[in-house]
Amino acid sequence: MGCGNVGGALAELLVSRQDDIAARTGVRLQLVGIAVADVQRPRPSAIPAELFGTDSATLAVRDDVDVVVELIGGIHPAHELMEAALRAGKPVVTANKAVLAVAGAELAELAAAHGVDLLYEAAVAGAIPVIRPLRESLAGEQIVRVMGIVNGTTNFILTRMEEDGVDFDDALAEAQRLGLAERDPTADVEGHDAAAKAAILAALAFGCDVVDADVHREGITGIRAADVAYANRLGYSVKLLAVAELVDGGPELSVRVHPTMVPKAHPLASVRGAFNAVFVEGAVSGELMLYGRGAGGGPTASAVLGDLVDAARNLRTGAPAPAPKRTSITVLPQPELRSAFYLSMDVADRPGVLAAVAKVFGDHQVSIRSMEQVGLADEARLIFLTHEAREGDLLATIDELRLLQAVDRVSGVLRVIGEEEG
């Protein structure tokens, strides 16, 4: 169901490499139907035209269909089609993060009730195998944190801002010219895409029901080139991170997406351009990073094909992948979390201003680790790094700073991962 960039690439693989796939996997996959919205739209010439039709509801439950692959995207009608297929006893393979982030637990229960697979390796990081290691290889491990760069568009933009000093708008325009960003980039740059993926990772890593509404989300539209440059000078890279972690070892969970200053020594800082990476920390296994291309028709189709082979094998043996056990968990409110912070603000360049600003920090129990002042004509830019502080206290500090007559604006606010995290 669906034959866009990913669906078209997958269909070509199934048609042109059927014998090779069968020889390597022991499973012969036959493509028997493709549901699309417009059968007149040009498609890859290798795909037989007679496979195309517009009746996705019938295709999802057709008798000659063993496994359904959903690559339509969006929530509707994809959710209903997946549900219908599972109720008909057909395994479903999908790359649909939007549906999984709002109804993943419901669909997983339905799949388990009907003894079939719901597989979604391609939903989080394209060709990077993340879901399968969390579901199988690390099934006996106590995961402490999953943290990653799961949106290639934003990582490309932030890399360009760091390496070449361009501002956000210019970097975004370049990403759009290269086809790395949509004409409407809101889902990427405002963090919606990464938040949906964070919900999926959290649910899988911690065996709990997390939906995208549980995810604290901040995008990168407010990041300035000056802040990226200053972070770089201090030995940090700015990354949009998706983080799911047990707070102080549990039982409370934090799930969030936001720009973060990452020390250059940390493996995630070296992830450049449109690449993705997911960093997993286990209580026994320690640190593990999975890295690669997170998007694109070919790489994503490769991940879908891997799930498709697994679903076919499991269907033949009558043994679907084990359904993850679900536990109840409390998502800690964002103001209760603790982090170090970077702040930059423009203030009037006159005596007494720094003392007034420092007093506001102290009044809210936010300890200053370092400060630098940069002259800007009749103003000054003050740049602060704090020690670890409660986020609610930091937000109260910012609110009061903005009320000071001498403060023109508080512009850059970034969380900082400490060097001890590397």
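Residues numbered from 1 in each chain as written. Predicted model: local features only at pLDDT ≥ 70, side-chain atom pairs only at ≥ 80, totals over all residues. Heavy atoms only, no water.

(A) Molecular detail of the overall build of the protein chain. Per the secondary structure count, the protein chain includes 15 helices and 16 strands. Its C-alpha atoms give the protein chain a radius of gyration of 24 Å, within 12% of the compact-globule value 22 Å for 422 residues. A total of 422 residues make up the protein chain; the buried ones form 52% of that total. For the protein chain, the distance from the average site of its 37 positive side-chain charges to the average site of its 58 negative ones is 3 Å. (Helix = DSSP H or I, 4+ residues; strand = E, 2+ residues; numbered from the N terminus. Rg over C-alpha atoms; globule rule 2.2 N^0.38 Å. Buried < 20%, exposed > 50% of the residue type's maximum accessible area, 1.4 Å probe, protein only. Lys, Arg positive; Asp, Glu negative; His and termini not counted. Charge placed at Lys NZ, Arg CZ, Asp CG, Glu CD.)

(B) Region of interest: the packing of aromatic side chains. In the structure shown here, the tally under the stated rule is 3 aromatic pairs. Look at Tyr230 and Tyr342: their rings are 6.1 Å apart centre to centre, the planes differ by 40 degrees, and that puts the pair in the tilted class. Highlighted residues: Tyr230 in helix α12 (residues 225-233) and Tyr342 in strand β12 (residues 338-348), separated in sequence by 112 residues. When sorted by exposure, Tyr230 lands in the same class as Tyr342, which is buried. With a centroid separation of 5.2 Å and an interplanar angle of 5 degrees, the aromatic rings of Phe275 and Tyr291 are classed as stacked. Residue Phe275 is located in strand β10 (residues 275-282), and its partner Tyr291 is located in strand β11 (residues 286-293); the two are separated by 16 residues in the primary sequence. (Phe/Tyr/Trp six-rings, centres within 6.5 Å; stacked < 30°, edge-to-face > 60°.)

(C) Spotlight on the sheet that holds strand β5 (residues 118-119). Judged by pairing direction, the sheet is parallel, and its 3 strands sit side by side in the order β3-β4-β5 without closing on themselves. The open sheet terminates on both sides in strands that have one partner only, identified here as β3 (68-70) and β5. In this sheet, β5 lies alongside strand β4 (residues 92-94) in parallel orientation, the contact comprising 2 bridges. By the bridge assignment for β5, Val92 is matched with Leu118. Of the strands in this sheet, β3 and β4 are in contact with helix α4 (residues 78-87), which crosses β4 at around 155 degrees. (Pairing = 2+ DSSP bridges. Contact = heavy atoms within 4.5 Å. Axes fitted to C-alpha atoms, helices over the stretch in contact; angles between N-to-C directions.)

(D) View of the side chain of Asp188. Looking at where Asp188 falls in the secondary structure, it is placed in helix α10 (residues 186-189). Within the buried set, Asp188 has no salt-bridge partner at all; the shortest N-O distance to an opposite charge, 6.5 Å, is to Lys197. Leave out the neighbours within four places in its chain, and Asp188 touches Asn151, Thr153, Thr154, Asp193 and Leu240. (Salt bridge = Lys/Arg side-chain N within 4 Å of Asp/Glu carboxyl O.)

(E) View of the nonpolar core. Within the largest apolar cluster, 81 residues are counted, with the highest numbers of intra-cluster contacts made by Leu134, Ile157, Met161 and Met261. Sorting elements by how many residues they give to this core places helix α11 (residues 192-206) first, with 11 residues. If we skip the residues at most four places from it in the chain, Met261 touches Ala231, Leu234, Tyr236, Ser237, Val238, Tyr342, Leu385, Leu414, Arg415, Val416 and Ile417. Of all hydrophobic cores here, the second largest spans 23 residues; its members include Leu10, Leu13, Ala122 and Ala321. (Core = buried A, V, L, I, M, F, W, Y, C linked by side-chain atoms within 4.5 Å.)

(F) Expanded view of the side chain of Glu174. Inspection of the secondary structure assignment puts Glu174 in helix α9 (residues 168-177). Taking relative accessible area as the criterion, Glu174 reaches 17% and is therefore assigned buried. Apart from the residues within four sequence positions on either side, Glu174 is in contact with Phe156 and Arg160.

(G) Representation of α12 within the structure. Regarding α12, the residues found buried are Asp227, Val228, Tyr230 and Ala231. Angular distribution of buried residues about the axis of α12 spans 165 degrees; they occupy a single face of the element. Immediately beyond the C-terminal end of α12, within one or two residues, lies Gly235, with a positive phi of roughly 95 degrees. (Arc of directions from axis to C-beta.)

(H) A look at the packing of helix α14 (residues 353-363) against helix α15 (residues 391-401). The geometry of α14 relative to α15 is characterised by a closest axis approach of 9 Å and an angle of 150 degrees between their N-to-C directions. In terms of orientation, α14 lies roughly antiparallel with respect to α15. At the point where α14 passes α15, the crossing takes the right-handed sense. Every residue of α15 that contacts α14 at Val357, Val360 and Phe361 is listed here: Thr397, Glu400 and Leu401. Residue composition of the contact of α14 with α15, grouped by class: 4 nonpolar, 1 polar and 1 charged. (Parallel < 35°, antiparallel > 145°, perpendicular 65-115°, else oblique. Left-handed = near helix turned anticlockwise from the far one by under 90°. Nonpolar A, V, L, I, M, F, W, Y, C, P; charged D, E, K, R; others polar.)

(I) View of the pairing of β10. For β10, the tally of buried residues reaches 7 of 8 residues, placing the bulk of the element in the interior. Sheet analysis places β10 next to β11, joined by 8 bridges and oriented antiparallel. Directly across from Val278, in β11, lies its bridge partner Leu290. Linking two consecutive strands that pair antiparallel, namely β10 and β11, is a turn of 3 residues.

(J) View of unusual backbone geometry. Of the consecutive residues His76 and Pro77, the connecting peptide bond is found in the cis state with omega at 5 degrees. Its location among the elements puts Pro77 in the loop between β3 and α4. Notably, Asp248 is not glycine yet its phi reads approximately 55 degrees, a positive angle.

(K) Molecular detail of the environment of Gly282. Following the sequence through the fold, Gly282 ends up in strand β10. Under the relative-accessibility criterion, Gly282 is labelled buried at 10%. Taking the C-alpha atoms as reference points, Gly282 and Gly104, separated by 178 residues in sequence, lie 24 Å from one another. The residues touching Gly282, leaving out its near neighbours within four places in the chain, are Glu141, Gln142, Ile143 and Val144.

(L) Looking closely at the pairing of strand β14 (residues 379-386). With respect to burial, β14 is a largely interior element, 7 of its 8 residues being buried. Relative to β14, β12 is paired through 7 bridges, and the arrangement is antiparallel. When the sheet's bridge partners are listed, Leu343 is paired in β14 with Phe384. Across 8 bridges, strand β13 (residues 368-376) lies against β14 in antiparallel orientation. Residue pairing for β14: Leu376 is matched across the bridge by Glu379. Between β13 and the antiparallel strand that follows it, β14, lie 2 residues; Ala377 among them carries a positive phi value of about 60 degrees.

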